[in-house]
Amino acid sequence: MSLHRLTATDGVWLSLESPDMPMHIAFLLEFTAPEGGAAQFLRQWRAGLDAPASLPQPWNFRPLKFPPPGVAAMVREVDDIDLSEHIREWTLPEPGSQDQLTELVSSIHQKQLDMSRPPWELHVIEGLAQDRFALLLKVHHSLLDGASAMRLFTDTFTEDADARDVPDLFTVRPAAESAEAGTANPFRALLAALTGVLALLRGVGSAARDAFRRARGDKTMAQKAYQQPETILDGTIIGARDLSRRRYDLALFKRLAKAGDCTINDIVLYLVSTALRSYLTDHATLPAESLTAGVPTDLREEDDARAGTRAGMMFTALATDIADPRDRLSAVKYYIRAAKQHMGEMAPNEVIGYGLAVTLPWILGLSFGFTNTASSHPMGISNVPGPRNPLYWNGARLETIYPISLLMHGNSLNFTCIGYSGGLHFGVLGVQDKLPPMSYLTGAMDAALDELTELLLPDRTQLAAG
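As a convention, each chain's residues are numbered from 1 in the sequence order in which they are written. For this predicted model, a pLDDT threshold of at least 70 governs which residues receive local features, and a threshold of 80 or more governs which side-chain atom pairs are given and counted, while totals over whole chains, interfaces and linings are taken from all residues. Excluding hydrogens and water, the side-chain figures rest on all heavy atoms present in the structure.

(A) Layout of the environment of Thr 320. Take Thr 320: it is sitting in the loop between strand S10 (311-317) and helix H9 (325-344). Taking the C-alpha atoms as reference points, Thr 320 and Lys 434, 114 residues apart in sequence, are found 21 Å from one another. By the convention used here, residues are in contact when the closest approach between their heavy atoms is within 4.5 Å. The residues touching Thr 320, leaving out its near neighbours within four places in the chain, are Ser 273, Leu 276, Arg 277, Leu 286, Glu 289, Ser 290 and Leu 291. The way it works is that DSSP assigns letters per residue, a run of H or I at least four long becomes a helix, a run of E at least two long becomes a strand, and they are numbered from the N terminus.

Here it is, written out as structure tokens:
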């Protein structure tokens, strides 16, 4: 059973694990069963499972308690895994509605994974209407992030509806480093490692300079970390979670982005900004200053499907203080483009170093039990590119992919979306006992999208009205 050291970022995810702050993410996959129905399909699938099973990395990684999780976090490979400890089965009562599915998934997601074994679970959910079933993949963030999960789905499932030899997700190993990298000249490997460390340190230095400027009251930096006003999003959280989901037409977002001379990600940020204005005005207090958000940026090469996390973090203002929709969109575009330009001037390891250093005061405070430590940003907003074409699992068509992220003390709200097969799928997660229902927030997103469509695509709204 070999040992492996995790990256500094993945070590942080392990170090922060607690009952009120479980550090796992999840993906809700809805399928339409092939001929014969969901019950028969899943019965045949269960019959083919082996127990115990020998699984590849990272599905066989079990975290070690010593040394304590952190920058030196270690995992051990487990030879034989009892799948009954990782696979759970659920059946929704009639009528098997989407609301019932969301409620069940929310209750499953808020529970911690068992860290004494490889930290992942696969929940199989039957009883959905229209002969559908769902899989909820729940996995610790130290093993997978959104980008590596999308590559896993693409590598596991197939575009061939007739294929019947498609493997299970937990039997597929994300691509390892290239053979060329593994057989490189030792001197070149050492040089590459030193170059990476130096880039990391440059990022730390850049973050330190920005921290000094913030301490002097300078708020002109491109990255808007630690610049959020006080809101109900601040402070300590507890384990209960509230989930709401939405699926939007991806083609509409593309048209809006073209009409607004911006990107789909800009439209997502605008949608969140506008929804938050309504949500806080109606159910809490809208601050006079703009809210801010952390926006992850994927740093992987196109062919890099390794497990774990390789991402940086941008910190942007959301322009929630601007009432006019057109001016708000312009401001959202300005803030995120400034943050992107700042990060674009850095090497990937420099971006990672910057993000780790910026969040270090917050992370250290949480690590020592100070749950009211000021956070670098009050919420996360992530847009993860997914597979473009429909995928199949042994004839079952994958209809939707909903992402569900994690929450932290001082970071009690998250918006994550995934583009898949013509749809943009949002998972909006909040702290149940602290925030008004997330359904209010997704309802405000619907209204914000209608308003923006009327603003940027008046011909489309007039045609729909006619």
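Here the narrative resumes, following the displayed structure.
(B) Local environment of empty space enclosed by the protein. Cavities and pockets were defined on a 1 Å grid built over protein atoms only: a cavity is a set of grid points that admits a 1.4 Å probe from which the probe cannot escape, a pocket is an open set flanked by protein on both sides within 12 Å along at least five of seven lines, and lining residues are those with an atom within 4 Å of any such point. Grid points are joined across faces, edges and corners, and a volume is the space filled by probe spheres set on the points. For the structure shown, the criterion picks out 3 cavities of 30 Å³ or more. Taken as a whole, the largest cavity holds about 40 Å³ of empty space. Considering the residues around the largest cavity, the lining is formed by Leu 122, Leu 135, Phe 157, Pro 167, Asp 168, Leu 169 and Trp 393. Residue classes follow a fixed rule: Ala, Val, Leu, Ile, Met, Phe, Trp, Tyr, Cys and Pro count as nonpolar, while Asp, Glu, Lys and Arg count as charged, and any other residue, Gly among them, counts as polar. Grouping the constituent residues of the lining of the largest cavity by class yields 6 nonpolar, no polar and 1 charged.

(C) View of the packing of aromatic side chains. Within 6.5 Å between ring centres, the rings of Phe, Tyr and Trp (the latter by its six-membered ring) count as paired, and their orientation is classed by plane angle as stacked under 30 degrees, edge-to-face over 60, tilted in between. For the structure shown, the criterion picks out 14 aromatic pairs. Aromatic pair Phe 31 and Phe 157: ring centres 5.8 Å apart, planes at 75°, arrangement edge-to-face. Taken together, the residues Phe 31 in strand S2 (residues 24-32) and Phe 157 in the loop between helix H4 (146-156) and helix H5 (179-182) connect sequence positions 126 residues apart. By the burial criterion, Phe 31 is buried, and Phe 157 matches it. Seen from their ring centres, Phe 41 and Trp 393 are 5.3 Å apart, and the 75° between their planes marks the pair as edge-to-face. Highlighted residues: Phe 41 in helix H2 (residues 38-47) and Trp 393 in strand S12 (residues 391-393), separated in sequence by 352 residues. The pair Phe 41 / Trp 393 is uniform in exposure class, with both members buried. Taken together, the aromatic side chains of Phe 27, Phe 31, Phe 41, Trp 45, Phe 133, Phe 153, Phe 157 and Trp 393 make up a single cluster linked through ring pairs. Burial status follows relative accessibility: with a 1.4 Å probe on protein chains alone, a residue under 20% of its type maximum counts as buried, one over 50% as exposed, and anything between as partly exposed.

(D) Just the sheet that holds S12, in detail. Note: two strands are recorded as paired if DSSP finds a minimum of 2 bridges between them. Pairing is mixed across the open sheet formed by 6 strands, whose spatial order is S5-S6-S7-S2-S13-S12. A strand with exactly one partner marks an edge of an open sheet, and here the two such strands are strand S5 (87-91) and S12. Each strand axis lies, on average, 30° off the axis of its neighbour in the sheet, ignoring direction. Here 5 bridges tie S5 to strand S6 (residues 120-126), and the two strands are oriented parallel to one another. Bridge pairing in S6 links Glu 89 to Val 124. Helix axes use the C-alpha atoms of the stretch in contact, all axes being lines fitted to C-alpha atoms, and the angles between their N-to-C directions lie in the range 0 to 180 degrees. Across the face of the sheet, helix H3 (residues 98-109) comes into contact with S2, S5, S6, strand S7 (132-140) and strand S13 (396-404) while running at roughly 150° to S2.

(E) Molecular detail of the environment of Glu 121. Tracing the backbone through its elements, the reader meets Glu 121 in strand S6. Among the residues examined, Glu 121 registers a relative accessible area of 8% and is labelled buried. Each C-alpha atom of the pair Glu 121 and His 86 lies 4.6 Å from the other, and the pair is 35 residues apart in sequence. Those residues within four positions of Glu 121 in sequence are excluded, and the remaining contacts are His 86, Arg 88, Leu 113, Leu 136, Leu 137 and Lys 138. The definition of a polar contact used here is a pair of N or O atoms within 3.5 Å, where within protein one atom must be able to donate a hydrogen and the other to accept one, and adjacent residues in sequence count solely through side-chain atom pairs. Of the polar contacts made by the side chain of Glu 121, one reaches the side chain of His 123; its length is 2.7 Å.

(F) Broad picture of the pattern of salt bridges. A carboxyl oxygen of Asp or Glu within 4 Å of a side-chain nitrogen of Lys or Arg is what we treat as a salt bridge. Applying the stated criterion across every chain yields a total of 15 salt bridges. Between Glu 126 and Arg 46 there is a salt bridge, with the nearest N and O atoms lying 2.6 Å from each other. You can see Glu 126 sitting in strand S6 and its partner Arg 46 sitting in helix H2, a full 80 residues away along the chain. Looking at Arg 46, the relative accessible area reads 25%, which means it is partly exposed. Measuring nitrogen to oxygen at the nearest pair gives 3.8 Å for the salt bridge that ties Lys 219 to Glu 289. Of this pair, Lys 219 sits in the loop between helix H6 (186-215) and strand S8 (241-249) while Glu 289 sits in the loop between helix H8 (264-283) and strand S9 (292-298), placing them 70 residues apart in sequence. Look at the salt bridges and you will find they share partners, linking Glu 30, Arg 132 and Arg 245 into a network.

(G) Quick peek at the confidence of the model for the protein chain. Looking at the protein chain as a whole, its pLDDT mean stands at 90, while 90% of the residues score no less than 70. Confidence scores per residue from the predictor, reported as pLDDT, run from 0 to 100. The model gives residues 177-183 a pLDDT under 50, and that stretch makes 1 contact with residues more than four places away or in other chains. In this model residues 462-466 is a low-confidence stretch, pLDDT under 50, and it forms 0 contacts with partners more than four residues away in sequence or in other chains.

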